[in-house]
Amino acid sequence: MPGFHSALIDFGSSANWLIAAWLVLSALVALAALRYRRLYRAARAGRARLADLIDNLSEGIYTSSLDGRQLSANKALVQLNGYSSEREMLARVKDIGTEWYVDPSRRAAFRDALERDGRVEDFVSEIYRHKTRERIWISESARLVLDPTTGNPLHYEGSVRDITVLVRRLSLEERFQKLTRELPGALFQLVTRASGVAEVLYVSAAFTRITGIPLEEFVERPRSLFGRVHGADISGLRRSLRRATEKRQSWDHEFRLRLRDGTEKWARVAATPEFREAGIIWHGYLTDISTRKSNEMEIERLAYFDPLTELPNRRMFLNRMAQAIVGSERRGDHGVLLFIDLDNFKTLNDTQGHDVGDAFLVQVAARLERCLAPRDLVARIGGDEFVVILEAAGVDEANATRHAIVVANRLLVTLREPFELAAVRHLASASVGVVVFDGAEARPDEILKRADIAMYQAKAAGRNGMALFDPASLERERERFRLVGDLRAALGGTELELHFQPQVDDRGVIIGAEGLLRWNHPRLGMIFPDRFIPLAEQFGLIEELSRAVFDLGLAALASWQRDPATAHLRLALNVSVQSFNCDSFGAMLGQMVRSHAVDATRLTLELTEHVMARDHERVARLMAEIKDLGVRLSLDDFGTGYSSLAYLKTLPFDELKIDGRFVADIETGESDRALVKTILAMARNLGLTSVAEHVENIRQQAFLRAFGCDCFQGYLYGKAVPAADFLDRLREGGTPQPATLRSGHPSRRDWIAS
């Protein structure tokens, strides 16, 4: 030991130890430098990998200063904001709060939460894509970064995730749920497997509302639905599902459900199959169709029954009539068809109102049913038209005819009994047509036509009776149809013409004429209106015919007004009920007056009370429209209706025309004389011009003139003649002298130049 210490002291005292120490120290420093270098490179590589990782994350990563200025952003965040590089984005973004959030208050809420808690997680906001300004939804998380020494906030960093697709999907789901809640039916997805097992994939809430089955119960036991199906409909429902499966087609079936409370309703299932290996997925819809079914049954009832009287209607009648024909042919016997038309029903309906008319029809139906056997059928086929089928009425035609006469008389008797209709006591009658059939005629409509013809024969015989079908009347009916065809052709030709009957004042001076229509038929000669006007009304030609009459009349009036010798003449034209009730009548008349360029004050329209029986306000408006043209209005056949005084007081008439039946009897009938005097006095008091028609002799004229009648018309002054003959008569009579003619205003006097 002493030797070692001595050697060590000797070595330390020499210079060699300094060299050795330096070498050792240099080696240690070199080793430390190498280790630091390796650590630095490893740290830099780690940071690079971390930066690369952050840059390639699908979520946006950022660092922001406390005042909202962005310091860094990864690729995902750069792309989310619509930019191509971090540098471009950082240069463009100035203030996140005002530039990024759709609702700027969200920025304040974000900062408050960050300052309060030091971190924010899943903060959902709607923002703008900074560059494109497209609106998107994001979820943002962030944390404050603190100084490790002082603990003061340095900045914050966070992540941003685009959740636009998720938000939209959730929004769609919410809308879908709302829609399914509002749908009247239930949506469902149901899997049926080959093993017979069924599984519910989806069912909407409306399923419970329709079936009464809770959703949980149906999902757990899908076949619980069959427990609610009406017993009579279960097999049909199963068959329809099996058939749809076998034919690989849509499933569509209607069935009844019986709920726990006993309520019964109709349902419809409609589903489309999707075939997969695991089974069939039915995408379907279940809906409550109870209302539709109820409507269908009501429609069926309306299709075969009259809603007012609840009798079978025309359609059911034709079906039963066809069966009756077949039955007669099979049994070898005869049946009877009665066609019943109520006399003067239109008058009751128009004067007393439709409610009274309807009550009358209901009572008629009840009376007819009481008169018939249970196997007989009574039906209502038109407004006031009823038919009765008597099956097996007799083994031969004679017996069937006798039975028909007995039943028809029974019906007529019961219909003659008074009807109590609220405050109205109505006495009615009917016209009955009778036809016997045996099955040889296979067409129900042909038998109905024959009964209709027989009914018109009863009406022509005076109504309130019956008539048996006469085959000869069928030929007359065919002639009527031929006449209708000829009338259609005549409307476009020159066969229709006006004849003019003079109207004179109280001195016998011609002051005008009434235009009366005539049809110069090439085969039948001159036909009067009473033969073809009803046909025109029945077959819808009256409007065309009225237009033709006005065209002829206004053309004649225009020619008179072009000649100073005839310019003073007035022309009166009749207006039919159907024409006047047409909505376009006023416009048509105005257009024709302008077209012919006539002085409309020289035109008088004669209206009967039937024209005005329906809608008093509408009639008043139309009459005012006609008066605005300057046309005069005359109340024709005055004294024959129900409410003439009311019309005269409230409607703008200029003239009233005394019905010719009163004029004809003033020589012999005291009541007619009194009535005519009253009418003339009333006309004077109301300031109306009075016109008497059908004046045939001097005595009638003298009476009328004595009591103040203004104008006269009739055979005494001339028959209706063609236009040329009328003008010749006017010229032969010399130039008319001034004549007084009262207008619709008491103080006004019209002087006609003579």
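One numbering rule holds for all chains: residues counted from 1, following each sequence as written. Local features in a predicted model are, by the rule used here, given only for residues with pLDDT of at least 70; side-chain atom pairs are given and counted only at 80 or more, and totals for whole chains, interfaces and linings are based on all residues. As a rule here, side-chain values cover all heavy atoms of the structure and leave hydrogens and water aside.

By convention in these notes, a salt bridge is any Lys or Arg side-chain nitrogen within 4 Å of a carboxyl oxygen on Asp or Glu. This model, assessed by the stated rule, comprises 46 salt bridges. Across the pair Glu157 and Arg143 runs a salt bridge whose closest N-O atoms are separated by 2.6 Å. Linking Glu157 in strand β5 (residues 153–162) with Arg143 in strand β4 (residues 135–146), this pair joins segments that are 14 residues apart in sequence. Taking the shortest distance from any N to any O, the salt bridge between Asp341 and Lys459 comes out at 2.7 Å. Taken together, the positions of Asp341 in strand β11 (residues 334–342) and Lys459 in helix α16 (residues 444–460) put the pair 118 residues apart, joining distant regions of the chain. In this structure Lys459 comes out as buried when scored by relative accessible area, which is 16%. A single salt-bridge network, built from bridges that share partners, covers Asp233, Arg256, Arg258 and Glu264. In DSSP terms, a helix is any run of H or I states spanning at least four residues, a strand is any run of E spanning at least two, and both are numbered starting from the N terminus. Working definition: with a 1.4 Å probe on protein chains only, accessible area under 20% of the residue-type maximum means buried, over 50% means exposed, and in between means partly exposed.

Time to look at the packing of helix α14 (residues 354–370) against helix α15 (residues 397–416). Their axes nearest at 10 Å, the elements α14 and α15 cross at an angle of 140°. The two elements α14 and α15 meet at a crossing, and its hand is right-handed. Contact residues: α14 offers Val364, Arg367 and Leu368, while α15 offers Leu411, Thr414 and Leu415. Polar here means any residue other than Ala, Val, Leu, Ile, Met, Phe, Trp, Tyr, Cys and Pro, which are nonpolar, and Asp, Glu, Lys and Arg, which are charged; Gly is therefore polar. Across the contact of α14 with α15, the residue classes break down as 4 nonpolar, 1 polar and 1 charged. Helix axes are fitted only over the stretch in contact, all axes being lines through C-alpha atoms; the angle between N-to-C directions runs from 0 to 180 degrees. We call a crossing left-handed when the near helix sits turned anticlockwise from the far one by less than a right angle, and right-handed when that turn is clockwise. Here, residues are in contact when the closest pair of their heavy atoms is within 4.5 Å.

This paragraph deals with the pairing of β4. By the bridge criterion, 8 bridges tie strand β3 (residues 119–128) to β4 in an arrangement that is antiparallel. Bridging from a neighbouring strand, Phe123 pairs with Glu140 of β4. Hairpin connection, β3 to β4: the antiparallel pair is bridged by 6 residues, and Arg133 has positive phi, about 65°. Inspection of the sheet shows β4 paired to β5 by 9 bridges, in the antiparallel sense. Opposite Leu144, over in β5, you have Tyr156 as the bridge partner. Here β4 folds back onto β5, and the loop between the two strands holds 6 residues, one of which, Gly151, carries a positive phi near 80°. Strand pairing follows a simple DSSP-based rule, namely that at least 2 bridges must link the two strands.

This part is about the pairing of β11. The element β11 is extensively covered by neighbouring structure, given that 9 of its 9 residues are classed as buried. Of the two faces of β11, both are covered, the one formed by His334, Val336, Leu338, Ile340 and Leu342 as well as the one formed by Gly335, Leu337, Phe339 and Asp341. As paired elements, β11 and strand β13 (residues 385–394) share 7 bridges and run antiparallel to each other. Note that in β13 the partner of Ile340 across the bridge is Phe386. For β11 and strand β16 (residues 430–437), the ladder comprises 8 bridges, and the chain directions are antiparallel. Among the inter-strand pairings, Leu338 is bridged to a residue of β16, identified as Val434.

What follows deals with helix α12 (residues 314–331). In this analysis, the expected span of each helix is defined as 1.5 Å times one less than the number of residues it contains. Helix length check: α12 (18 residues) gives 25 Å between terminal C-alpha atoms against 26 Å at 1.5 Å per residue, within 8%. Looking only at α12, the buried set comprises Phe317, Met321, Ala324, Ile325, Gly327 and Ser328. End-on, the buried residues of α12 take up no more than an arc of 165°, which puts them together on one face. Within α12, the exposed residues directed more than 90 degrees away from the buried face are Gln323, Glu329 and Arg330. The arc in question is traced by the directions running from the helix axis to the C-beta atoms.

A word on the sheet that holds strand β7 (residues 198–203). Here 5 strands make up an open sheet; going across it, the order is β7-β6-β10-β9-β8 and the pairing antiparallel. The open sheet is flanked by β7 and β8 (251–258), the only strands paired with a single partner. When the angles between neighbouring strand axes are averaged without regard to direction, this sheet yields 30°. In this structure, strand β6 (residues 186–192) lies alongside β7, joined through 5 bridges in antiparallel fashion. Among the inter-strand pairings, Val191 is bridged to a residue of β7, identified as Glu199. Running at roughly 165° to β8, helix α10 (residues 234–246) makes contact with β8, β9 (264–276) and β10 (279–288) of the sheet. Lying on the sheet, helix α11 (residues 290–304) is in contact with β8, β9 and β10; it crosses β9 at an angle near 120°.

The next subject is the sheet that holds strand β17 (residues 465–468). Strand pairing in a sheet relies on backbone hydrogen bonds, with the paired strands running either antiparallel or parallel. Pairing is mixed across the open sheet formed by 5 strands, whose spatial order is β12-β13-β11-β16-β17. Sheet topology places β12 (377–380) and β17 at the edges, where each strand pairs with a single neighbour. Neighbouring strand axes in the sheet, compared pairwise and without regard to direction, differ in orientation by 20° on average. Lying on the sheet, α12 is in contact with β11, β12, β13 and β16; it crosses β13 at an angle near 15°.

A contiguous patch of positive charge on the surface is contributed by Arg223, Arg238, Arg239, Arg242, Arg243 and Lys247. Here Arg242 lies in helix α10. Excluding any residue in a salt bridge, patches collect residues exceeding 30% relative accessible area, merging like charges within 9 Å and nonpolar Val, Leu, Ile, Met, Phe, Trp and Tyr side chains within 5 Å. Surface accessibility follows the Shrake-Rupley procedure with a 1.4 Å probe radius. Residue values consider only the protein chains on display as shielding. Lys and Arg are tallied as positive, Asp and Glu as negative. Neither His nor the chain termini are counted. By convention, the point assigned to a charge is CZ for Arg, NZ for Lys, CD for Glu and CG for Asp.

Moving on to unusual backbone geometry. The phi dihedral of Arg248 falls on the positive side, at around 50°, and the residue is not glycine. Owing to a relative accessible area of 56%, Arg248 belongs among the exposed residues under this scheme.

Looking now at the state of the cysteines. When the sulfur atoms of two cysteines come within 2.5 Å, that pair is taken as a disulfide. Counted under the stated rule, the structure contains 0 disulfides. In this structure Cys709 is not part of a disulfide, and its nearest cysteine sulfur, from Cys711, lies 7.0 Å away.

Bringing α10 into the picture now. Each turn of an α-helix holds 3.6 residues, which means side chains three or four residues apart point in the same direction. Taking 1.5 Å as the rise per residue, α10 with 13 residues should run 18 Å; its terminal C-alpha atoms sit 18 Å apart, in good agreement. Residues of α10 that are buried: Gly236, Leu237, Ser240, Leu241 and Ala244. For α10, the angular spread of buried residues about the axis comes to 135°, placing them on one side. Of the residues flanking the end of α10, it is Arg248, one or two places downstream, whose phi is positive at about 50°.

Mapping Leu541 onto the fold places it in the loop between α18 (529–538) and α19 (542–562). In contact with Leu541, other than residues within four places in its own chain, are Val484, Leu487, Arg488, Leu491 and Ala536.

Judged by side-chain polarity, Val24, Leu25, Leu28, Val29, Leu31 and Leu34 come together as a nonpolar surface patch covering roughly 590 Å² of accessible area. Considering the arrangement of structural elements, one finds Leu34 in helix α2 (residues 16–55). Accessibility expressed as a relative area gives 46% for Leu34, which makes it partly exposed.

Geometry of aromatic contacts follows a simple scheme: Phe, Tyr and Trp rings, the Trp one being its six-membered ring, pair when their centres are within 6.5 Å, and the pair is stacked under 30 degrees between planes, edge-to-face over 60, tilted otherwise. Evaluated as defined, the whole model comprises 17 aromatic pairs. Residues Phe500 and Phe726 carry aromatic rings whose centres are separated by 6.0 Å and whose planes lie at 35° to one another, so their mutual orientation is tilted. With a gap of 226 residues between them, Phe500 in strand β18 (residues 496–505) and Phe726 in helix α27 (residues 723–732) connect regions that are remote in the sequence. When sorted by exposure, Phe500 lands in the same class as Phe726, which is buried. Feature note: the residues Tyr62, Phe110, Phe123 and Tyr156 constitute an aromatic cluster, connected by ring pairs.

Our focus in this paragraph is the side chain of Ser328. You can see Ser328 is positioned in helix α12. What Ser328 contacts, discounting residues up to four positions off in sequence, is Asp333, His334, Gly335, Phe437, Asp438 and Gly439.

As a further point, take the nonpolar core. The criterion is simple. A nonpolar core is a set of buried Ala, Val, Leu, Ile, Met, Phe, Trp, Tyr and Cys residues joined through side-chain atoms within 4.5 Å. Phe580, Phe585, Leu605 and Leu704 are the most contacted members of the largest nonpolar core, which has 75 residues in total. Counting residues in hydrophobic clusters, the runner-up holds 34 residues, among them Ile340, Phe345, Val424 and Val432.

What follows is about a negative patch on the surface. A surface patch of negative charge is lined by Glu329, Asp396, Glu397 and Asp438. Residue class for Asp396 comes out partly exposed when judged on its relative accessible area of 32%.

Read these as spatial facts, not as claims about activity.
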